[in-house]
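Structure assessment
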Amino acid sequence: MDSAALLDVTSRSIANELTPICSLPSELLAKIFQLGHDLQWEDNELAGSPTSRLVADHSFEVLVTHVSSHFRKVAIGTPQLWSDITISSRISSAELETYLVRTSGCALDVRIETGLSVPMNPLMIAQIDAVITHSNRYRQLIINCAFESSAQLVVRRFSRVIMPILKHLSIAIDTVQGLFPPDGRKPFGAEMPCPSFLRLRGVSLVLFCVQLQNITTLHLDQTVFTPILYSTFRRMIISSSALQNLSLYGDLFSSVTTPWTALAIGDPIDIPKLRRLRISGVGGEMYSGVLRGIIAVSLTSIVLKNLKQYDLHPFMASPSSSLKFPLLRELVLIDPDMTIDEYNQLFYTFPKTTSFAIYHRETADVLRLLADDPIDGFIPWPELNTLSVLVDENDDVVADIVKRRREIGFPLEKMRLGTTDLLSSMPHFTWLREHVIVESFVTFGAWPVADFKDDEDTLFQ
């Protein structure tokens, strides 16, 4: 670099240092950077591309180091900006090492994406081994493994790994080859005293067992048909003594080997702290089977996806169904296919519902049930205060419901409307806003709570 160019760079650097933002204390600037880092996650989510921060083409933490020497110094000295560690085919060993060095001993959120290549690139195996040496700092570990082979282990590499501060664990395996002798599920991790979140997806359901005593949120996702024994499922749930949120996807049990009705009556599972339950079945037996097969006196919320006609009939026909979940207040239906009679039966089965969401385009007839004149004095869900629906810009059934509930003396307090259009373009929007709180949404809320970030929770969308 010649003297003129060097002088220009120096003068630019000095000018940057004199800008007002550079007068902020480094601690405050670091907080701003962390907020930008988190907003980047939200932007990726809203764009429909939840790309890992480490592999993003223009990740915030990298961009901010190119603004000025002051920004670079503060960013590199903020370990939390570099704590999202991803291993994938797009990451070089140099990039991985840079991130690990800049984390400076802080807690790590680690993601492993093996991709579809078989066999795996030896470089990726080396990167996995490099990250394992930092296992004492894992706060979150997500492993998405397309192919686990006895010739090239990925998940099994963690069988003896100590992860003392791990809170969030997600394991997904699509297929395996020549892995385990038929002597039961293998333990994952040598020491994990703290995990509160666990997802087992695909083949991992039948391959691994995890310490469950402190788990509060459990996802069992049967994306590959590998039925488990009812006794195994029961043991897992009972072992999770702190369990508050349970999500079940797929037909976890074979209807041939697991007679749900007999098990529900003779051997129910007591989950005293369970507050939120999600179910998405395939054959249909899961819905009534689970609802009849558990004792959950603290349950407040149920989410059911892909309900078909008669799936809930065995449960709703039970004489005590309306008394089984005394604290239940929220019901969410995603893509249901039910008869009008079944919807009417829901009003009796879950009589204390205060929040109802139905995510399906053809729901006008069902929603009008909530605004019908009382029959023999019966009011559908008299305590209902929040209704969440998908709407089109010309959909005026929403206003009809609000108006009729007011007229019969059981008004709604809030309408949540799923639409990509401006609410102001909807008919009757001004009138609606005068009579209820109106909110819009584009994507379903996070589960189990609104502020929980979980990139892998895609099966109930």
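Predicted model only: the values in this text are computed from it and were never measured.

Observations concerning the overall build of the protein chain
Each helix and strand in the protein chain was counted, giving 16 helices and 18 strands. When burial is assessed residue by residue, the protein chain has 49% of its 461 residues classed as buried. Put simply, 73% of the contacts in the protein chain that link residues at least 6 apart link residues at least 24 apart. Roughly 21800 Å² of accessible area belongs to the protein chain as shown, and the carbon and sulfur atoms make up 55% of that amount.

Observations concerning the confidence of the model for the protein chain
Per-residue confidence for the protein chain averages 85 on the pLDDT scale, and 86% of its residues sit at or above 70. Per-residue pLDDT, averaged within each element of the protein chain, yields its smallest value for helix H1 (residues 3-17) (57) and its largest for strand S13 (residues 301-305) (98). This stretch, residues 43-56, has a pLDDT under 50; its non-local contacts, to residues over four places away or in other chains, come to 25 contacts.

A short note on the packing of aromatic side chains
What the rule picks out here adds up to 13 aromatic pairs. Seen from their ring centres, Phe 33 and Phe 71 are 5.2 Å apart, and the 70 degrees between their planes marks the pair as edge-to-face. Taken together, the residues Phe 33 in helix H2 (residues 26-46) and Phe 71 in helix H4 (residues 69-76) connect sequence positions 38 residues apart. In this structure Phe 71 comes out as buried when scored by relative accessible area, which is 9%. Cluster of aromatic residues (ring-pair linked, three or more members): Phe 33, Phe 60 and Phe 71. Over the ring of Trp 82 we find Arg 102, and its NZ or CZ is 4.6 Å from the ring centre. Over the aromatic face of Trp 447 sits the side chain of Arg 278, whose NZ or CZ is 4.2 Å from the ring centroid.

Re the environment of Ser 88
Within the secondary structure, Ser 88 sits in the loop between strand S1 (84-87) and helix H5 (93-103). C-alpha of Ser 88 to C-alpha of Met 124: the two residues are 36 residues apart in sequence and 7.0 Å apart in space.

Some thoughts on the pairing of strand S15 (residues 355-359)
Taken across its five residues, S15 has five buried, putting it largely inside the fold. Here S15 shows no split at all, with Ser 355, Ala 357 and Tyr 359 on one side and Phe 356 and Ile 358 on the other all buried. The pairing of strand S14 (residues 330-334) with S15 spans five bridges and is parallel. Across the sheet, residue Leu 331 finds its bridge partner in S15, namely Phe 356. The handedness of the S14 to S15 crossover, carried by helix H13 (residues 340-349), is right-handed. Where S15 meets strand S16 (residues 386-390), four bridges bridge the pair, whose relative direction is parallel. The residue bridging Ala 357 from the neighbouring strand is Ser 388, located in S16.

Things to note about the pattern of salt bridges
On inspection of all chains with the given rule, the structure shows 14 salt bridges. Among the ionic pairs, Glu 407 bridges to Arg 404, the shortest N-O distance being 2.6 Å. With Glu 407 and Arg 404 both in helix H15 (residues 397-407) and three residues apart, the pair spans about one turn of that helix. According to the relative accessible area criterion, Glu 407 is partly exposed, its value standing at 47%. A relative accessible area of 23% means that Arg 404 is categorised as partly exposed. The salt bridge involving Lys 414 is made with Glu 439; its shortest N-O contact spans 3.5 Å.

Quick notes on the nonpolar core
In summary, soluble globular proteins display a tendency toward joint burial of nonpolar side chains. Leu 141, Phe 158, Phe 188, Phe 233, Phe 325, Leu 333 and Leu 346 are the most contacted members of the largest nonpolar core, which has 111 residues in total. Here this core gets five residues from one element, more than from any other, and that element is helix H6 (residues 122-132). Excluding residues within four positions of it along the chain, Phe 325 makes contact with Leu 291, Ile 294, Ala 296, Leu 299, Ile 302, Phe 315 and Phe 350. Grouped together as the second largest cluster of nonpolar side chains are ten residues, Val 332, Ile 334, Tyr 359 and Leu 459 included.

What to know about the pairing of strand S8 (residues 217-221)
Most of S8 sits out of view: five of its five residues are buried. Residues of S8 alternate between two faces, with Thr 217, His 219 and Asp 221 on one and Leu 218 and Leu 220 on the opposite face, all of them buried. Two strands pair when backbone bridges link them, and strand S6 (residues 197-202) and S8 are joined in this way by five bridges, in the parallel orientation. Following the sheet pairing, Arg 201 is matched in S8 by Asp 221. The pairing of S8 with strand S9 (residues 245-249) spans five bridges and is classified as parallel. Bridging across to S9, Leu 218 finds its partner in Leu 246. Taken together, S8, helix H8 (residues 230-239) and S9 constitute a β-α-β crossover, and its handedness is right-handed.

Some details on unusual backbone geometry
Cis rather than trans, the peptide bond between Trp 447 and Pro 448 has omega equal to 10 degrees. For Pro 448, the location among the structural elements is in the segment after strand S18 (437-441). You will see that Trp 381, though not glycine, has its phi angle at about 45 degrees, which is positive. Topologically, Trp 381 is positioned in the loop between helix H14 (364-369) and S16. Under the relative-accessibility criterion, Trp 381 is labelled buried at 1%.

Thoughts on the environment of Phe 158
If you trace the backbone, Phe 158 turns up in the loop between strand S3 (138-149) and strand S4 (168-177). Linking Phe 158 and Gly 189, residues 31 residues apart in sequence, is a C-alpha distance of 5.6 Å. Not counting chain neighbours up to four residues away, the residues in contact with Phe 158 comprise Ile 112, Ile 128, Ile 132, Tyr 138, Leu 141, Ile 143, Met 163, Phe 188, Gly 189 and Ala 190.

Some details on H4
For H4, every residue scored as buried is listed here: His 70, Phe 71, Val 74 and Ala 75. Projected down its long axis, H4 shows its buried positions confined to an angular sector of 125 degrees, all on one face.

Observations concerning the side chain of Ser 135
Tracing the sequence through the fold places Ser 135 in the loop between H6 and S3. A distance of 2.8 Å separates a polar side-chain atom of Ser 135 from the backbone oxygen of Ile 162.

Analysis parameters
Residues numbered from 1 in each chain as written. Predicted model: local features only at pLDDT ≥ 70, side-chain atom pairs only at ≥ 80, totals over all residues. Heavy atoms only, no water. Helix = DSSP H or I, 4+ residues; strand = E, 2+ residues; numbered from the N terminus. Buried < 20%, exposed > 50% of the residue type's maximum accessible area, 1.4 Å probe, protein only. Contact = heavy atoms within 4.5 Å. Areas by Shrake-Rupley, 256 points an atom, 1.4 Å probe, with all protein chains shown as cover. pLDDT = per-residue confidence, 0-100. Phe/Tyr/Trp six-rings, centres within 6.5 Å; stacked < 30°, edge-to-face > 60°. Lys NZ or Arg CZ within 6 Å of the ring centre and 35° of its normal. Pairing = 2+ DSSP bridges. Right-handed = clockwise from strand over helix to strand, strands pointing away. Salt bridge = Lys/Arg side-chain N within 4 Å of Asp/Glu carboxyl O. Core = buried A, V, L, I, M, F, W, Y, C linked by side-chain atoms within 4.5 Å. Arc of directions from axis to C-beta. Polar contact = N/O pair within 3.5 Å; in protein donor to acceptor, adjacent residues only side chain to side chain.

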